[in-house]
Each structure stands twice: as structure tokens, then as C-alpha cells.
Amino acid sequence: MLTQIRHIQKGTLIVVTIIIVIAFAFLYSDFDFAGGGRLGTQNCVLKVYDRCLRAKEVQKLASYYDVARDLGMGEFAVSMFGENRMNDDRTNFVRSLTTLRKEARELGIEPSAEEIKAAIPTLPIFQQPWVNAAFVENNILGPNGFTDGDLAQLVKDYLTFQKVRDLIGAGLATVPSETNKLYTRAFQNYTASLINFDRETAAAGIEITEDEIEAFYVENSENLKSDIHRGYDYAKFSPNTLPEDATLEEQAKAEQAFLNAINQAYADLADPADGAMSFSDIAKKYAGEKADYVMVSGSYEPFKMSEAPDDIAENTALLDQLFSEALPVGSVTVPVSSEAGSYYVFALTSQEDPEPLSREQARPLIVKALTAKNSNRAVNDAASAARAAINEALESGKSFDEAIKVAKVEAKALPVFSINEMPESLENSNSIAVAVGEMGEKELSEVIQAPGGEGFMLVYVDKIELYENEEEESTKRSIASSMETGLRYRMFNSWFNQRKKESSYSRAGSSDLGNE
């Protein structure tokens, strides 16, 4: 009897085992039940080189883009994502990463474990003073579901990209004449004059009618809203004052201790062990004069960006971060540098979203916008007319001084400058440098728009002289190296785009991975 029971049990176990094996075979196969039994399409979000990438794998690879960008792998992230892409869809990144891995295998490129381990501390993110392994784990890897193994794989992909790029670009060299051209452009002295056309002067004579205001409001009412207001709690860390006779070693140790203290406090502020404690409560524990810093905590009532509190109003980089759309209520910023070596940490406590404005509420904004538009057009027309008159006078043989009299404008002589070393006191120096870079002697520039909508400019170059540079050869080598880096990058992208075209790529549906 027992023998018969064992025989029946054995047969039943075999049948159950076969059923389980078949179920798993179908579960992990590429068989598509919904598609009428087609092989190779079950849950295939993407197919690259006929390899099926299912939703979970695509989502994981898509997260590599966010982590790569946050770790500072800029060139790699941009190249894989696509330089000219305007949307937030990660699909192209996943396709590119899959293609890179296959091409690297065929080229025999595979970074070793030792190379990966050595590369992690050199990543750009770790070059910031407040960043340590705990910060990266808590703020980048953890939120993206990244394990140590995932980080190692991403760094491996990063090194692979660099090795393939350098291999494809091996042997590339710049043309000496191009290097000399760029060097000459950077180390020439320019004697030039500037003609300014101020928009504020033109705006003084602009009148805006009620009909114009009404038409503008009707056309733009959906976009006429109040400014966003945000409230913050903050902790400000400042270094202790050292004795005047402190040695360099003592200064370095004090700075390191200061930064370590900020890191420790920040870890507690951003991710408190006691979840019941608020940011302000935790900040109070660190407030006051401590061994390595002085900390002041406080709060800001909701304010708009253009009316920030006085102590942060001039710090545009800080304000850009505080009003970033990527910062949700309840989040804590990383330490942000401020004046005299201080650092702020902010917690976004409240937000007042923009509200539609009535016609009367929007009236000052509308008048300002229409005045800017009309005065901008008027001053641009004036600059274009002056340019035409000056060029006509110059072509007739008149000097520049005579030409500006004909055009009824005034010119201001600029201090002698070079594109490589623009005078700090020279306003709009970047715009001027760009303009003269393509000009020769005795030439008048195109009409140049001044930054910030302040008006327009014309630049006249009278004389160009190459000045002596004791480090000419080393400078030329640096220019050549920079040019070669750019050439290698463009060569890689050209080669890689061709590889992607040959990858037999297909995509199921049209879901946007940017939000997955």
C-alpha cells in the first residue's frame, strides 16, 4: 500500500514540476499571446539589434540618464541622450546605451573592476566640497533605486564611452593654420570705438494707448499671472574667524573641519533620523557658535524672486535654485555657497502658486511690456539707420569721425583690449568681443543687441595689433588640445549615429519614458 502511495505521489510531483516549468517558460519567453502568438514581442518596449527590452529593464536603463547627469557625467549623458533633443523622453538614451554596450563588446573594450573602482572618487560630483559618499547615496542613488552594482555598471558605461570615443578619434590632429588663427584672434589688441543706442532714452517718448493695453490683455490674459511666492526655513553656516597669524596648515585644517561639520549637519537636516522633527527644530540644535562654525537659523515669509530678502537678493545663483521648478514643497536644498565662505541650507516650507491677474492688476505689466517692445523697435531702427549712414560716408572716403557727424551720433573710444583679456570695467564686454572677433581694421560691426534689453550698439575697429605673449607655444598647444577634444567628440557622434541607424531599432507604442 505504501509503495502504491509513493508511486502516485512521485507521478503527481512529476506532473506538477512539468506544469511549473512550462509556466515559467511562457512567462519569460518572447511569446505574445495578445498578438496572436507572435514570437519576440511580449512586453517589448524597445528592440535594439533584435534584442527585446521589456518595461522594467527600460525603466532601469532610463534612470541611468538622471543619475549620470546628477553625477556630473555631462558629455556622456548628452551624447547618449541626444544633443538636440528638446523633450524629456529617455528612450533615445536607452537605445544609445544598449548600442554602446554592443559596439564596445565587438571592439573588445571592457573597463576592469580596478578601473571602475578608481574612477568613482574622480567623478565630477565628488569635486564639490560638501559632497561625500553619504550625500550621493541619500540624494542621487537611493531616490533612483540604484545599488552599488548599478553605480559600478554606470561608471563602466561612462569609461566605455570615453575609451570608444578616444579610439574612434585616435590620430586626429588639428590643422596648424586653424590653431594659429584662433591664437591670433585671442591675442590681438583692438583699438576701437563704441556707439550706444539706449533703449531707456527711446522709451521716454513712447506712449501706450488704452486700446493697445486692452488688445494685449485679451491676447495674453492666460499668461498674465501673479508671481510665484515661496517661503523657506534656512540654516546659514559661516566659518569661524581665525587669528591673523594662522599658518596655511591651520587654515586648511579649519576649512576642512568647517566643511565636514556642514556635511554632518546637512545629512541630519536633509534626512533626520527622527522623522517627527522639523527642519527648524533640527537647525536649532546646530545654531550658535560651535567649534568649527557659527550657524544662524531662521525663516523667510513667502516672497517672489524679484523681491527676495536683502541678505540673499544679490545671489542670483542661489535664487535660481530656490525658484527651480524641480524643487517641491518639503524638500531641502544642498548647501549653497554665499558670501565670505558661508553656506546656506534651505527647506521649502510653503508655496503660493501664480493666480490670474485682472486687467487693472495686469496694467502695469502690460504698459511695461508694450513700452519695452515699442522702444526696442524704435532704437533698433535708429541703430540700423545710423549704421547705413556711417557706412555710406566711409565708402565715400570720409574718416570715421566725419562719418559719425554725418549720422548725427556720438562714439566713445574704448580702452585698448584683446578678446583674451577684456577690461573688467568695459560694459557688455562679451558682446563686443564676439562682434570684433570676425572684423578687420576700418570696419563697422552689425547692429549688436546689448544684454538685458538695454538697447543696441555699433563697434568700429580702427586698428588691430598682435601683442607679444611669452607663453605663445604653450598657449597654442592648449588651443590645439581643446580643438582635438572637440574633433574627437564630433567624430564619435558621427560614427555612433551611424551605428544606431544599423541597430534594427523599433519601439512599441508611443509612451514617454520621461515620466516613468
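Attention here is on the structure that accompanies the text. Just so it is clear, the structure is predicted and the values come from calculations on it, not from any experiment.

The rules behind each value
- Residues numbered from 1 in each chain as written.
- Predicted model: local features only at pLDDT ≥ 70, side-chain atom pairs only at ≥ 80, totals over all residues.
- Heavy atoms only, no water.
- Helix = DSSP H or I, 4+ residues; strand = E, 2+ residues; numbered from the N terminus.
- Contact = heavy atoms within 4.5 Å.
- Areas by Shrake-Rupley, 256 points an atom, 1.4 Å probe, with all protein chains shown as cover.
- Phe/Tyr/Trp six-rings, centres within 6.5 Å; stacked < 30°, edge-to-face > 60°.
- Buried < 20%, exposed > 50% of the residue type's maximum accessible area, 1.4 Å probe, protein only.
- Axes fitted to C-alpha atoms, helices over the stretch in contact; angles between N-to-C directions.
- Parallel < 35°, antiparallel > 145°, perpendicular 65-115°, else oblique.
- Nonpolar A, V, L, I, M, F, W, Y, C, P; charged D, E, K, R; others polar.
- Salt bridge = Lys/Arg side-chain N within 4 Å of Asp/Glu carboxyl O.
- Arc of directions from axis to C-beta.

1. Observations regarding the overall build of the protein
Turning to step 1, where the next piece is worked out: Looking only at helices and strands, the protein has 17 helices and 15 strands in total.
Turning to step 2, where the next piece is worked out: Of the contacts made within the protein by residues no fewer than 6 positions apart, 70% connect residues no fewer than 24 positions apart.
Turning to step 3, where the next piece is worked out: As displayed, the protein has an accessible area near 30,100 Å², and 51% of this comes from carbon and sulfur atoms.

2. Concerning the packing of aromatic side chains
Turning to step 1, where the next piece is worked out: This structure, assessed with the given rule, holds 23 aromatic pairs.
Turning to step 2, where the next piece is worked out: Residues Tyr 190 and Phe 417 carry aromatic rings whose centres are separated by 5.5 Å and whose planes lie at 15° to one another, so their mutual orientation is stacked. Placement of Tyr 190 in strand S5 (residues 188-198) and of Phe 417 in the loop between strand S11 (412-413) and helix H16 (429-436) is noted, with a sequence separation of 227 residues between them. Across this residue pair, the class does not change: Tyr 190 and Phe 417 are buried.
Turning to step 3, where the next piece is worked out: Put simply, the rings of Tyr 65, Phe 76, Phe 81, Phe 93, Tyr 158, Phe 161, Phe 492, Trp 495 and Phe 496 pair up and form one aromatic cluster.

3. Brief notes about the packing of helix H7 (residues 148-168) against helix H17 (residues 472-501)
Turning to step 1, where the next piece is worked out: Packing of H7 against H17 leaves a shortest axis separation of 8 Å and a crossing angle of 100°. When the interaxial angle is binned, H7 and H17 end up roughly perpendicular. In contact with Phe 161, Val 164, Arg 165, Asp 166 and Ile 168 of H7, H17 contributes Arg 488, Met 491, Phe 492 and Trp 495.
Turning to step 2, where the next piece is worked out: Class assignment for the residues of the contact of H7 with H17 results in six nonpolar, no polar and three charged.

4. Here we look at the pattern of salt bridges
Turning to step 1, where the next piece is worked out: Per the counting criterion, the structure on display carries 21 salt bridges.
Turning to step 2, where the next piece is worked out: The partner of Asp 150 in a salt bridge is Lys 60, and the shortest N-O contact between them spans 3.2 Å. Residue Asp 150 is found in helix H7, and its partner Lys 60 is found in helix H2 (residues 55-70); the two are separated by 90 residues along the sequence.
Turning to step 3, where the next piece is worked out: Note that Asp 268 is salt-bridged to Lys 285, the shortest N-O span being 3.5 Å. Residue Asp 268 is found in helix H11 (residues 248-270), and its partner Lys 285 is found in helix H12 (residues 279-286); the two are separated by 17 residues along the sequence.
Turning to step 4, where the next piece is worked out: Here the salt bridges share partners, and the residues they tie into one network are Glu 210, Glu 214, Arg 359, Glu 360 and Arg 363.

5. Looking at H12
Turning to step 1, where the next piece is worked out: Every buried residue of H12 is listed here: Phe 279, Ile 282, Ala 283 and Tyr 286. Relative to the axis of H12, the buried residues are bounded by an arc of 105° and lie together on one face.
Turning to step 2, where the next piece is worked out: For H12, the secondary structure elements touched by its buried residues are strand S6 (229-238), H11, strand S7 (288-289), strand S8 (294-303) and strand S10 (343-352).
Turning to step 3, where the next piece is worked out: Of the residues trailing H12, Gly 288 is marked for its positive phi of about 105°.

6. Section: unusual backbone geometry
Turning to step 1, where the next piece is worked out: One non-glycine residue, Lys 408, lies in positive phi territory at about 60°.
Turning to step 2, where the next piece is worked out: Assignment of secondary structure puts Lys 408 in the loop between helix H15 (400-407) and S11.
Turning to step 3, where the next piece is worked out: We classify Lys 408 as exposed; its relative accessible area is 76%.
Turning to step 4, where the next piece is worked out: With a phi angle near 60°, Lys 442 is a residue other than glycine that sits in the positive phi range.
Turning to step 5, where the next piece is worked out: Locating Lys 442 in the fold gives a position in the loop between H16 and strand S12 (443-444).

By themselves, these observations are geometric and do not establish any function.
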